[in-house]
Amino acid sequence: MHRLKRRFHKARSLRHDCFVADYTEYTASQVGVVMSETPFDDIEAFHLQSGRHPVSYLAVNLEEHPSFIKHIENCECFFLSTTPCDRPWLLFLELKYCKARNIGSHAAKAIHQMACVLRKLVDENVIEADRYRIYFNYSSPSNNRRQPFTHFMHTPADVLDLIEQYDAYYLGFNHLIIAGPQFIRAPKIRI
């Protein structure tokens, strides 16, 4: 954990909800990824919700660490449970603001971006991947009615390949819940 905190000195320690939005397209790159503990009122965002029992975690906005993302394709951010347990969760997040018909075409790139960050964390000895329960989450905040996005892009065999290749669970939601220090879960969706 100390290596992680040294490498990502701007990481935020949180115990409650976190909202993530990417203003890059809306501000002509004047503002990029923003993390907030309160909802945004001017843009759709991803929501990481604290569960019944608050869990301490780190939130790392990768745009605030340009030396780390230099020369790699990267996702927006990642979150890491810091509450002591056997196998804490590690959640990578990639946001794609796109039309509903384009959700599937961005999926492979989103996976690649999250995998590149994971690989670099391991290569730099910042984390030992096998000590974490890893989640890749692809979010399209402007498309709330099409969740989970993974169901429109991958067969069950594709998902098993992702788990085997990266030892990561692949999710496709705009809203996830911290179920505890070891698990992330999707909210119940009304049909």
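Remember, predicted model here, so these are calculated numbers, not experimental data.

Conventions adopted
- Residues numbered from 1 in each chain as written.
- Predicted model: local features only at pLDDT ≥ 70, side-chain atom pairs only at ≥ 80, totals over all residues.
- Heavy atoms only, no water.
- Phe/Tyr/Trp six-rings, centres within 6.5 Å; stacked < 30°, edge-to-face > 60°.
- Helix = DSSP H or I, 4+ residues; strand = E, 2+ residues; numbered from the N terminus.
- Buried < 20%, exposed > 50% of the residue type's maximum accessible area, 1.4 Å probe, protein only.
- Lys NZ or Arg CZ within 6 Å of the ring centre and 35° of its normal.
- Pairing = 2+ DSSP bridges.
- Axes fitted to C-alpha atoms, helices over the stretch in contact; angles between N-to-C directions.

Following the criterion strictly, the structure yields 9 aromatic pairs and no others. Measuring from centroid to centroid gives 6.0 Å for Tyr-23 and Phe-40, while their planes differ by 70°, and the two rings are edge-to-face. Linking Tyr-23 in the loop between strand 2 (18-22) and strand 3 (33-36) with Phe-40 in the loop between strand 3 and strand 4 (46-49), this pair joins segments that are 17 residues apart in sequence. Take Tyr-23 and Phe-40: they sit in the same class, and that class is buried. Considering the side-chain rings of Tyr-135 and Tyr-169, the 5.6 Å spacing of their centres and the 35° angle between planes classify their relative orientation as tilted. Of the two residues, Tyr-135 is situated in strand 8 (residues 133-139) and Tyr-169 in strand 9 (residues 168-171); the sequence distance between them amounts to 34 residues. In this structure Tyr-135 comes out as buried when scored by relative accessible area, which is 5%. Overall, the relative accessible area of 39% leaves Tyr-169 in the partly exposed class. Of the aromatic side chains, those joined through ring pairs into one cluster are Phe-8, Phe-68, Phe-78, Phe-92 and Phe-136. A cation sits over an aromatic face here: Arg-7 above Phe-8, 6.0 Å from the ring centre.

Before going further, it helps to spend a moment on the sheet that holds strand 6 (residues 77-81). As a general point, the strands of a sheet are linked pairwise by backbone hydrogen bonds and lie either parallel or antiparallel. Judged by pairing direction, the sheet is mixed, and its 6 strands sit side by side in the order 1-5-6-7-8-9 without closing on themselves. At either margin of the open sheet sits one strand with a lone partner, and together these are strand 1 (12-14) and strand 9. Here the strands of the sheet are splayed against their neighbours by 20° on average, with no regard to which way each runs. With 7 bridges connecting them, strand 7 (residues 89-95) and strand 8 associate as parallel partners. Bridging from a neighbouring strand, Phe-92 pairs with Phe-136 of strand 8.

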